[in-house]
Protein chains: 2
Amino acid sequence: MSLTTEQPEGEGGGRRARGEGRGAAARRASRSGGGPGPSLPYITRKIREYEVLDEEGLQLIERNADTVLEEIGIEFRDDAEALALWKDAGCEIKGERVHFPKGLCRELLKTAPKSFTWHARNPVRSVEIGGKATVFAPVYGPPFVRDLEGNRRYATIEDFRNFVKLAYMAPSMHSSGGTVCEPVDVPVNKRHLDMIYSHLKYSDKPFMGSVTAPERAEDTIAMAKLVFGEDFVEQNTVTLNLINANSPMVFDETMVGALKVYARHNQASVVSPFILSGAMSPVTVAGTLTQILAEVLAGAAFTQLIRAGSPVLFGTFAASISMQSGAPTFGTPEPSLVSYGAAQLARRLGLPFRTGGSLCGSKVPDAQAAHESANTLNMTLLAGTNFVLHAAGWLEGGLVSSYEKFMIDQDQLGMMQKMAEGIDLTEEAQALDAIREVGPGSHYLGCAHTQANFQTAFYRSPLADNNSFEQWEIEGSKRIEQRANALCRTWLEQYEAPYLDPAIDEALLAYVAKRKESMPDAFT
Amino acid sequence: MSLTTEQPEGEGGGRRARGEGRGAAARRASRSGGGPGPSLPYITRKIREYEVLDEEGLQLIERNADTVLEEIGIEFRDDAEALALWKDAGCEIKGERVHFPKGLCRELLKTAPKSFTWHARNPVRSVEIGGKATVFAPVYGPPFVRDLEGNRRYATIEDFRNFVKLAYMAPSMHSSGGTVCEPVDVPVNKRHLDMIYSHLKYSDKPFMGSVTAPERAEDTIAMAKLVFGEDFVEQNTVTLNLINANSPMVFDETMVGALKVYARHNQASVVSPFILSGAMSPVTVAGTLTQILAEVLAGAAFTQLIRAGSPVLFGTFAASISMQSGAPTFGTPEPSLVSYGAAQLARRLGLPFRTGGSLCGSKVPDAQAAHESANTLNMTLLAGTNFVLHAAGWLEGGLVSSYEKFMIDQDQLGMMQKMAEGIDLTEEAQALDAIREVGPGSHYLGCAHTQANFQTAFYRSPLADNNSFEQWEIEGSKRIEQRANALCRTWLEQYEAPYLDPAIDEALLAYVAKRKESMPDAFT
């Protein structure tokens, strides 16, 4: 399977697009996501955040987190540099355990930006991370896919490209994401090169870097520089990078290694405790929040020791564990309460916040999948989340990237984007004249106000069936996943790659080829 | 099909249960919902309400609603008494159109209770309506069912009884509801008698009265008196009654007739504009809110003209209309914004609020059904809704009561009930000792804190599958509706009727028989 068989189509995008001549291409790009309709800009929430903790509760959690940091400490494993940096910063080090003086992490985090721009190679696709902005990104990490024939199988680089294409086309998907699935058919040590290339080639939305080894982070930076230019990358943020804590209270060599590379280059770290309450954290919401805050304070502050001012997010991945089976459970009340609380703690720290998505434990895109996803996604929006990983495609506790679920989820993202607009209170929206015109006992279907406003009034789902039962039966009595399957096939047929400067494309391919030559194949 | 074939089982319930000897039965009843687990008391929300309008926005809607009431007016059709009462209250009457002086409706509503008790025949099942209370009730109105064999067919009285039984057994269903489906096999003029009897016989949770004609409301009152006692009914509220406005801006003879009967007997009216935005109201959220507020102000204030102090709810049924097919659409952002806003307006008026539920347009309990239901239900809880009709079983835009969806929905109600508890901040929940005990790099699975707390820590779904893929496959690769189908069959097999005093049962049956004899069968 050659990466060079596909030719660039259309125009716009690539380094050139940031230059003077970008206007027309940018305008066209902003109108079209590649087929299904205009790609929407990232969300700027006009609705308020929902809060579950009052001032007293927030202070309690913060106090307890400080106690954890000082008394219990956080381990930075197999990384002498990290320990030395923490020691210089004033921490007490016992073995690999770092004990933090009260307030140190908060003090260090004062240099972290409250908000920053995550640049896309096509500038109209750049997004803000922080404040009132919400950015959706696809599922991250699954080794398996549920394909359009209904098979559950290992993911391939072809699947990876497909999910990048779908994320590019989905109107309310604001980012290309990262490991949209694990391309298991590519050697594990070379995989990141094909993944990064795919993001840069098949999409022009902002993408995430490789975090599985420091040298892969370096490759990410190097390839980004080929597209954005050397100086631009050093002075701006073009990748967002998922740095999971090994909860409870450990950061390992791999994650800290990637964090250091990205922070040095001013790239963003999403410091995310990966929490299954009852296993990686206490079985209670308050205990879980305490540990999350402590872990994030340590991990996020560390980015500022590496490079003051480098962007860092307060991340939270929250699920519970079934005490019967040991399996993670999603969409239940307790992780929602954790995430709402964590969002508040993040705002108080002045850090952009990541949580949620469309999480579920179901094996198929059925009502279980949808309930769990919707419970998570509604919370994600109302919590005021800035960056939303796993916003579409996640199935089976994150083991599977599902094409059908991706389509169903991205429809829901459109609903969330509309919801975030809140209530229009303009004179036109107040509609007093319409109420006068129609009067008691009539209807609004044909009135002037309805005619003038209906096109933009309601979110229109491309997948929901609202026809009569009889019409639905005539059309084959289809479930939503069957309609999603058909729409997904249409999108993949209609996909058109965004323009990438052929010289840049060649440079990327040469880099990938050279790096691959330097390594033996490794599959574990 | 005889109503007398089933014998009372167990003890407790009935008029006697409110007397001295109710202790043991009540305690038993509070522990058990009839099989699946303890029936939970109504929800007392410890979480705050989510708000979408600020003070300025709320005042704007209120001002506009006042303008509608004064300038455009509301019609009370075919009801000379209503017009006379409004005239006496100071309104200008033009034909059947009532024009309200500014502030009149608000002034009248000062006598309406902010909160009241809706009594069940078993006192431990009585619920509060208003304030921080949230009460769930099943689907209301469908002429069809989706049965456990997968057939879509007209509903029967047997289905009606089954849904009453399921609502009785569902732990987080706090009310028996009303027209859980239309028993189409019973003559339309006699149907209400069998429906009311079924609620009183097969459940001891609070029930809703018939509103389809004033004489049917009278039958409801008469039958309630046989169970609760004459005086008790006149001085308390034992039925909640759905009074839909004929939006836009009309109350018809039937609805006003039923409202008058209930208000005179101190029974609760849920004054609910039934809104499909774009058809029955303006196509915009702000315009819809204005009209809803005007309609509720008029309808609710009218209850106080009938009997000052009688309970009345601010109801809102909000959906949008598809401008392509004319079909209603559910679970979309705009109706959520309408409901959030209406909840705020209701709180400012000091009236208990009804909206939401588990609404959807899907024909089957698939991911569409679940997404639409979850979007609606999450909003319903966070809006601070006091009474939630259609909380379980609703399918196909309310045309169908679905057994499988009932089971799936009632599971979600359990999640909402847990969510409403908010975050426990006790020392035990803070779990600092657990964090100390476990420390970095270990896990919480076996620690003392987890052992002590895991039973109550997480909501446990009886339907979600969180097993491994392999285990799920071994168990037959089932979708959630298949598991729901099996659980529903188990519940119906396990159902045990709550105790009803045989003398009361006889009196009810005699009343039903006598009333039926007095009427010819009518099927339209």
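Conventions and cut-offs
- Residues numbered from 1 in each chain as written.
- Chains lettered and ligands numbered in written order.
- Predicted model: local features only at pLDDT ≥ 70, side-chain atom pairs only at ≥ 80, totals over all residues.
- Heavy atoms only, no water.
- Least-squares fit on C-alpha atoms with pLDDT ≥ 70 in both.
- Contact = heavy atoms within 4.5 Å.
- Helix = DSSP H or I, 4+ residues; strand = E, 2+ residues; numbered from the N terminus.
- Buried < 20%, exposed > 50% of the residue type's maximum accessible area, 1.4 Å probe, protein only.
- Buried area = accessible area lost by both parts, 1.4 Å probe.
- Salt bridge = Lys/Arg side-chain N within 4 Å of Asp/Glu carboxyl O.
- Arc of directions from axis to C-beta.
- Patch = residues over 30% accessible without salt bridge, like charges linked within 9 Å, V, L, I, M, F, W, Y side chains within 5 Å.
- Areas by Shrake-Rupley, 256 points an atom, 1.4 Å probe, with all protein chains shown as cover.
- Lys, Arg positive; Asp, Glu negative; His and termini not counted.
- Charge placed at Lys NZ, Arg CZ, Asp CG, Glu CD.
- Pairing = 2+ DSSP bridges.
- Core = buried A, V, L, I, M, F, W, Y, C linked by side-chain atoms within 4.5 Å.
- Right-handed = clockwise from strand over helix to strand, strands pointing away.

Colleague: Would you explain the relation of the copies chain A and chain B in this entry?
Modeller: Superposition of the two copies of the chain requires a rotation about an axis and a shift along the axis. Once chain A has been moved 0.0 Å along the axis and rotated by 180 degrees, it coincides with chain B to within an RMSD of 0.0 Å. One copy is carried onto the other by what is essentially a two-fold rotation axis. Across chain A, the rotation axis passes nearest the C-alpha of Ala367 of chain A, at a separation of 2.2 Å. The fraction of interface residues of chain A whose copies in chain B are also interface residues reaches 100%, indicating that both copies meet through the same surface.

Colleague: What is the right way to read unusual backbone geometry from this model?
Modeller: Comment: phi is negative for the bulk of residues other than glycine, and the bulk of peptide bonds are trans. Between Ser247 of chain A and the following residue, Pro248 of chain A, the backbone shows a cis peptide bond with an omega angle of 5 degrees. One can find Pro248 of chain A in the loop between strand E11 (239-245) and strand E12 (250-251). The backbone of Glu396 of chain A shows a phi angle near 55 degrees, a positive value even though the residue is not glycine. A relative accessible area of 5% places Glu396 of chain A in the buried class. Non-glycine residue Asp78 of chain B carries a positive phi angle of around 55 degrees. Relative to the assigned elements, Asp78 of chain B resides in the loop between strand E2 (74-76) and helix H3 (80-89).

Colleague: Explain the interface of chain A and chain B here, please?
Modeller: Think of interface size as the accessible area that goes away when the parts come together; that is how it is often given. Contact with chain A, which involves 115 residues of that partner, is made by 115 residues of chain B. Between chain A and chain B the total buried area reaches about 9500 Å² when both faces are included, carbon and sulfur atoms providing 67% of it. A per-residue breakdown of the area chain A buries against chain B is headed by Ile423, Pro440 and Phe458 of chain A, which together make up 8% of the total. The salt bridge involving Asp465 of chain A is made with Lys363 of chain B; its shortest N-O contact spans 2.8 Å.

Colleague: How do you make sense of helix H16 (residues 448-457) of chain B when you look at a structure like this?
Modeller: Counting along an α-helix, one turn takes 3.6 residues, and residues three or four places apart therefore face a common direction. Residues and elements named next belong to chain B. Among all positions in H16, only His449, Thr450, Asn453, Phe454 and Ala457 are buried. Taken end-on, H16 shows its buried residues confined to a sector of 130 degrees, consistent with a single buried face. For H16, the exposed residues set more than 90 degrees away from the buried face come down to Ala448, Ala452, Gln455 and Thr456.

Colleague: Hey, could you run me through a negative patch on the surface in this one?
Modeller: Negative charge collects at one region of the surface, where Glu421, Asp424, Glu427 and Glu428 of chain A lie side by side. In this fold, Glu427 of chain A is placed in helix H14 (residues 427-430).

Colleague: How do you make sense of the sheet that holds strand E19 (residues 394-395) of chain A when you look at a structure like this?
Modeller: Remark on secondary structure: sheet strands pair via backbone hydrogen bonds, oriented parallel or antiparallel. Residues and elements named next belong to chain A. Strands sit in the order E9-E8-E20-E19 across an open sheet of 4 strands; the sheet is mixed. Across the chains shown, the open sheet's two edge strands, defined by having one partner strand only, are strand E9 (152-154) and E19. Pairing analysis gives 3 bridges linking strand E8 (residues 144-146) to strand E20 (residues 400-402), with the strands arranged parallel. Within the sheet, the bridge partner assigned to Val145 lies in E20 and is Ser401.

Colleague: Sorry if this is basic, but what is going on with the nonpolar core here?
Modeller: Considering soluble globular proteins, one finds that nonpolar side chains tend to be buried as a cluster. By size, the foremost hydrophobic cluster in this structure holds 307 residues, and its most contacted members are Phe76, Trp86 and Phe314 of chain A together with Phe76, Trp86 and Phe314 of chain B. Apart from residues no more than four positions distant in its own chain, Phe314 of chain A is found in contact with Val271, Ile292, Leu293, Val296, Ala342, Leu345, Ala346, Leu349, Leu351, Pro352, Phe353 and Arg354 of chain A.

Colleague: It is not clear to me how the pairing of strand E14 (residues 312-315) of chain A should be interpreted in this structure. Could you clarify?
Modeller: Successive side chains on a regular strand alternate, one facing one side of the sheet and the next facing the other. Residues and elements named next belong to chain A. Of the two faces of E14, the one carrying Val312 and Phe314 and the one carrying Leu313 and Gly315 are both buried. As paired elements, strand E13 (residues 268-277) and E14 share 3 bridges and run parallel to each other. Bridging from a neighbouring strand, Ser269 pairs with Val312 of E14. Read from E13 through helix H10 (residues 285-306) to E14, the crossover connection turns out right-handed. Where E14 and strand E17 (residues 353-354) come together, 2 bridges link them in parallel fashion. Each bridged residue has a counterpart across the sheet, and for Gly315 the counterpart in E17 is Arg354.

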